[in-house]
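Observations on the three-dimensional arrangement
One-letter residues, chain by chain:
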Amino acid sequence: MNDRDREQFDDELTAKARELAGDVEPERDLWPGIHAAIHESMQGPAATASVFGASFQRYLAQAAAVILLVGGSSGLTYLAISGDRDNVSPVAAGIELPLDAVSASFGSQYTLGPDFQDARRNVEGRLETELERLSPEARAEVEANIETIRTAIAEINKALAEEPDNVLLQQLLLSSYQEELAVMRKVNGITNTVMLRDDI
Amino acid sequence: MNRSTRTLNLTLALALVAPAAIADDVQRSVDASPNGNVSISNVAGSIEISGWSRNQVDVAADLGDGVEELIVERNGDDVIVKVKVPRKKHRDISSDLVIRVPEQSSIDVGGVSADIEIDNVYGEQRLHVVSGDIVTQAFGADVKAESVSGDIELDGDNREMLTQLSSVSGDIDAMQLRGEIEATSVSGDIVIADSAFERAQVNTVNGDMVFRAQLIDGGKLDIETINGSVDVDFDGDVSARFDIETFNGSIRNCFGPKAERTSKYAPGRELKFTEGGGASRVTIRTLNGSLTLCKD
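The present account deals with the structure reproduced in this document. Everything quoted here is computed from the prediction, not taken from an experiment.

Considerations on the overall build of chain A
Helices and strands together make up the secondary structure of chain A, namely 6 helices and 2 strands. Reading chain A from its N end, one meets helices and strands in the order α-α-α-β-β-α-α-α. Per-residue burial for chain A yields a buried fraction of 29% across its 200 residues. Contacts spanning at least 24 positions in sequence make up 81% of the contacts within chain A whose residues lie at least 6 apart.

Pasting the structure below:
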């Protein structure tokens, strides 16, 4: 192929190329959405505030969740410790518990802390001692209901693993831990009140 | 050894062998303050308490075999009634007590597997039982009742008071109350009806709850459950801001506004609206429990 032939070939190729479509419609076009988002963000203060508001709300929700968790777990630890500090059985610490403790975690991101775990173990140890005083039926009833709470805790934790920032789930989880402690302490309290009172 | 000496020896021997044995039916009375405190403890059996007009505590007891002692003592404004049993054998010893107290007395009652029934006592009541039922009335003085597996039934007379009721698996029924109420349960159901509250807090894990009462303007109603259903039916008009959220339950609202999804990808729903002037506040949270919100 001489130079002239080469030039002719190039011209034909260019002409064929020009006959092709100038743009190709993709199967799933993302641009309209991206364009709309850019357009919205450039609409002025209201649109900016909306975008800002959405992210602010998200940060606010996350901040609320953190405050809830820190405050809540501290509160729970206090709840577990208060009232039991003077009554913790020295035997309790060594007891192997038949009531398996569920993982005390907030979804995948948070834990309740070692203080809470220690306090909870103490309350649980005392419960085991108190349960021995009850009839087999009453004992079974208490164990079944604590299991109910623990199942709920596990269920909420599972949901939290999917949505770690969900404030509703955080609140319900805290309440459930609180309820678990309350039930354990209630059983301890009632049996103590009735059977071990020295004042009467 | 003559006959009278043998009899005396036999009597002494029996007294030494069974020092704790006492008669089955016992009646005791002590004078009491008109508005003092009466503490009562009976591990198993039943406890019936009624208020009367005399300044006296009267105890009629049918004591079970093995009871060590029935203690009925007064110490100033306090009267103590206790069925004393050996700590290790208490489960098999059941005693029934019928007690009358001055009607303005406060009472503090405890039992393990003992049913408690109270009538016509106007003072404060603190009632604790593991597996027995509690049935009582209130007349404006605070009531705190807690049980593990027993049911709790409380009837008030619409006077202002603080009511605290908690059970683990027992049901709670509270009627004709006014003021403040806290009711909690794990698997027991809670029904609160024919009442009016400035503040009400109701929690369950699996138990269902029914709240058919008036929420006084400026009041607060907090309800929380994991898996229980919630039926709120206000008596009369209500003026409140509603903040309702469920992770996986349904919401039916007779007031009009519909619940909205909290996220495109998660099952949560929330419902926020104001009814009337929004003077009170209603907060309801559930995980899976369904919710119905209405008014009469």
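Here's the deal with the overall build of chain B
Scanning chain B from N- to C-terminus turns up 1 helix and 25 strands. Structurally, chain B occupies a C-alpha span of about 100 × 40 × 25 Å along its principal axes. Looking at chain B as a whole, 47% of its 296 residues qualify as buried. Partitioning the contacts of chain B with sequence separation of at least 6, the portion at a separation of at least 24 is 44%.

Let's talk about unusual backbone geometry
Residues and elements named next belong to chain B. Despite not being glycine, Asn120 shows a phi value in the positive range, around 65°. As for its placement among the helices and strands, Asn120 is situated in the loop between β9 (113-119) and β10 (125-129). Within the chain, Asn158 stands out as a residue other than glycine whose phi angle is a positive 65°. Here Asn158 lies in the loop between β13 (152-155) and β14 (160-166). Asn158 sits in the partly exposed class, given 15 other C-beta atoms within 10 Å.

Some remarks on the nonpolar core
Ile156 of chain A together with Ile49, Val81 and Ile99 of chain B are the most contacted members of the largest nonpolar core, which has 103 residues in total. It is helix α6 (residues 167-195) of chain A that contributes the most residues to this core, 11 residues altogether. Those residues in contact with Ile49 of chain B, other than ones at most four positions away along the chain, are Ile40, Ile99, Val101, Ile107, Val109, Ile118 and Val121 of chain B.

With respect to the interface of chain A and chain B
Each side of the interface is counted separately: chain A has 29 residues, and chain B has 37 residues. Of all the secondary structure elements, the ones that give two or more residues to the side of chain A that touches chain B are α5 (136-162) and α6 of chain A. No other element matches the 15 residues that α6 of chain A contributes to the side of chain A that touches chain B. Counted by class, the side of chain A that touches chain B contains 16 nonpolar, 8 polar and 5 charged residues.

What counts, and at which threshold
- Residues numbered from 1 in each chain as written.
- Chains lettered and ligands numbered in written order.
- Predicted model: local features only at pLDDT ≥ 70, side-chain atom pairs only at ≥ 80, totals over all residues.
- Helix = DSSP H or I, 4+ residues; strand = E, 2+ residues; numbered from the N terminus.
- Buried ≥ 20, exposed ≤ 12 C-beta atoms within 10 Å, placed from the backbone.
- Contact = placed C-beta atoms within 7 Å.
- Core = buried A, V, L, I, M, F, W, Y, C linked by C-beta atoms within 7 Å.
- Nonpolar A, V, L, I, M, F, W, Y, C, P; charged D, E, K, R; others polar.

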